[in-house]
Amino acid sequence: MTAADLARVDVPLADLIRNIDEMAAMKRAHMATALLSEERHQCDPADAAFASLACSCKTPLAVDADYPGFAAWIAQQEALNEQYRRAA
């Protein structure tokens, strides 16, 4: 790295502090916007109507016979998971 390279990246401390403060303020503003958006979503009066759009299917899309051995494997994995949780 040459002196010219260092001159391009070297900035006064006051500028560096100002840049960091600006980035922190931008981050806080983005976080506030995201939190307000999530809060509005939680209070959305149309949310129940949106959730009711999902229709129930009278015919099962898949049954255990479609995947032989899978139900037993899942039961084994759940048992192992429970065993590990109790040991921890």
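Each chain carries its own residue numbering, running from 1 in the direction its sequence is written. Side-chain atom pairs in this predicted model are given and counted only at pLDDT of 80 or more, local residue features only at pLDDT of at least 70, and totals for whole chains, interfaces and linings cover all residues. Note that water and hydrogens are dropped before the side-chain values are worked out from all heavy atoms of the structure.

A.B. asks: What exactly am I supposed to notice about the overall build of the chain here?
C.D. replies: Scanning the chain for helices and strands turns up four helices and zero strands. Reading the chain from its N end, one meets helices and strands in the order α-α-α-α. Relative accessible area decides the class of each residue, using a 1.4 Å probe on protein chains only: under 20% of the type maximum gives buried, over 50% gives exposed, and in between gives partly exposed. With 88 residues in all, the chain has 0% of them scored as buried. Put simply, the chain shows about 8300 Å² of open surface, and 63% of that area lies on carbon and sulfur atoms. Helix and strand labels come from DSSP, where a helix needs a run of H or I of at least four residues and a strand needs a run of E of at least two; each type is numbered from the N terminus. For the area figures, the Shrake-Rupley method with a 1.4 Å probe applies, and any residue is considered shielded solely by the protein chains shown.

A.B. asks: Please clarify how a nonpolar patch on the surface should be interpreted in this entry.
C.D. replies: Residues with no salt bridge and a relative accessible area higher than 30% make up the patches, which join like charges within 9 Å and nonpolar side chains (Val, Leu, Ile, Met, Phe, Trp, Tyr) within 5 Å. We define a salt bridge as a contact between a side-chain nitrogen of Lys or Arg and a carboxyl oxygen of Asp or Glu at a distance within 4 Å. On the surface, a cluster of nonpolar side chains totalling about 560 Å² of accessible area is made up of Val11, Leu13, Leu16, Ile17, Ile20 and Met23. Locating Leu13 in the fold gives a position in helix 2 (residues 13–42). Its relative accessible area of 59% is what places Leu13 among the exposed residues.

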